[in-house]
Amino acid sequence: MSHVSTKDLIRFFAKVEVSKTSFYNGSPCWEWAACLNRGGYGQFKYKRETSLAAHRRIYQWFVGTIPDGLELDHLCRVRHCVNPAHLEAVTHRENGLRGQSPVALAAQQTHCANGHPFTPENTYIFRKASGEIRQRACKICTRAYRAKSAARRRAYSKEYWAANRERFLLANLTDEQRAHRRNIKAKSKAKGRKAA
Ligand SMILES: [Zn+2]
Ligand SMILES: [Zn+2]
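Keep in mind that this is a model prediction, so the values were computed, not measured. (Residues numbered from 1 in each chain as written. Chains lettered and ligands numbered in written order. Predicted model: local features only at pLDDT ≥ 70, side-chain atom pairs only at ≥ 80, totals over all residues.)

Asks: Quick question: what am I supposed to make of the overall build of the chain here?
Replies: Across its full length, the chain carries six helices and six strands. Along the chain, from the amino end to the carboxyl end, the secondary structure elements read α-β-β-α-β-β-α-α-β-β-α-α. Computed over C-alpha atoms, the radius of gyration of the chain comes to 35 Å, more than 25% over the 16 Å expected from 2.2 N^0.38 for 196 residues, which places it beyond the range of a compact globule. Dimensions of the chain along its principal axes, counting C-alpha atoms only, are 120 × 35 × 30 Å. Among the 196 residues that make up the chain, the fraction classed as buried is 13%. (Helix = DSSP H or I, 4+ residues; strand = E, 2+ residues; numbered from the N terminus. Rg over C-alpha atoms; globule rule 2.2 N^0.38 Å. Buried ≥ 20, exposed ≤ 12 C-beta atoms within 10 Å, placed from the backbone.)

Listed below in structure tokens is the structure:
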């Protein structure tokens, strides 16, 4: 932990607004109400430091040095937040995985769209060739979906069979059977003529 002067702390906190709407783990975000960089991170000039990132600055003051090769992840997902309790030093890969891309967002979800938990027992995991997770699927929902579409298929084939039974039967008749059917038809026609 580095020694920070009262004067610098006051200067820092003059740019902070405690959020009334954004929380992580029960504590509010400390929103940077001054200059942000293009990435949306708070900017704070401190001594001769080259890094202006306000969240990195406060982390170094209150938590400690950021280990080489690690970056700070905003657990609250609010980039301009400087609450050190919302920051965690992680690898670049972890940070990317926790970010806001659709894949990362999906990876953060703890429950499926129907509220079933993504526990190991209830999750199908589909991977890319590289081994990276491509998609997760809820087993309960997948099973329900499969059962539903199987039932639909069965119902459809039943209907289809009923509607086309005659045609199928005809198509599969042997020559003998065909001859027999022709015979019956001829006989019934002859009968019809006699009756007329
Ligand atoms: Zn926050
Ligand atoms: Zn589900």
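Asks: What's the story with the domain arrangement of the chain in this structure? I'm lost.
Replies: One frequent convention defines the size of an interface as the accessible area lost when the parts assemble. Taken domain by domain, the chain comprises domain 1 (6–101) and domain 2 (153–195). Distance between the C-alpha centres of domain 1 and domain 2: 80 Å. (Domains from an automatic or database assignment.)

Asks: How should unusual backbone geometry be read in this particular structure?
Replies: As a rule of thumb, non-glycine residues mostly have phi less than zero, and peptide bonds are mostly trans rather than cis. Positive phi, normally seen in glycine, also occurs at N25, with a value near 55°. By the secondary structure assignment, N25 is in the loop between β1 (16–24) and β2 (27–32).

Asks: Got a minute to help me understand the confidence of the model for the chain in this structure?
Replies: For any part of a model where pLDDT is low, the fine detail of the predicted coordinates should not be relied upon. Taken residue by residue, the chain gives an average pLDDT of 86. The fraction at 70 or more is 92%. Within the chain, the lowest mean pLDDT, 67, falls on helix α4 (residues 102–108), and the highest, 96, falls on helix α1 (residues 6–13). (pLDDT = per-residue confidence, 0-100.)

Asks: How should I be thinking about the nonpolar core in this particular structure?
Replies: Generally speaking, soluble globular proteins have nonpolar side chains that are buried together. Ranked by size, the top nonpolar core spans 15 residues in total, and within it C29, A54, I58, C81 and V82 carry the most contacts. Every element with two or more residues in this core is listed here: β2 and α2 (54–62). Setting aside its immediate chain neighbours within four residues, C29 contacts S19, S22, F23, Y24, C76, V78, C81, N83 and H86. (Core = buried A, V, L, I, M, F, W, Y, C linked by C-beta atoms within 7 Å. Contact = placed C-beta atoms within 7 Å.)

Asks: Help me out: how do you make sense of the environment of R134 in this one?
Replies: When you line up the elements, R134 lands in strand β6 (residues 133–138). The exposed category is assigned to R134, around which 12 C-beta atoms lie within 10 Å. Those residues in contact with R134 that lie beyond four places of it in its chain are F126, R127 and K128.

Asks: Just checking my understanding: could you explain the environment of T119 for this structure?
Replies: Residue placement: T119 occurs in the loop between α4 and β5 (123–127). Put simply, T119 and C138 are 19 residues apart on the chain and 8.8 Å apart in space, counted from C-alpha to C-alpha.

Asks: I'm lost on helix α5 (residues 139–171) in this one. Help?
Replies: Of all the bends in α5, the largest measures some 65° and sits at N164. Here α5 lies mainly on the outside; zero of its 33 residues are buried. (Bend = angle between axes of the 7 residues up to and from the residue.)

Asks: For this particular structure, what's the right way to read the pairing of β2?
Replies: Two faces belong to every sheet, and in a regular strand the side chains alternate between them. Of the pairings in the sheet, the one linking β1 to β2 comprises five bridges and is antiparallel in character. What sits directly across from E17, in β2, is E31. Hairpin connection from β1 to β2: two residues lie between these consecutive antiparallel strands, with N25 at a positive phi of about 55°. (Pairing = 2+ DSSP bridges.)

Asks: In this structure, what is going on with the environment of A53? I would like to understand it.
Replies: Note on placement: A53 falls in the loop between β2 and α2. Looking at A53, the number of C-beta atoms within 10 Å reads 19, which means it is partly exposed.

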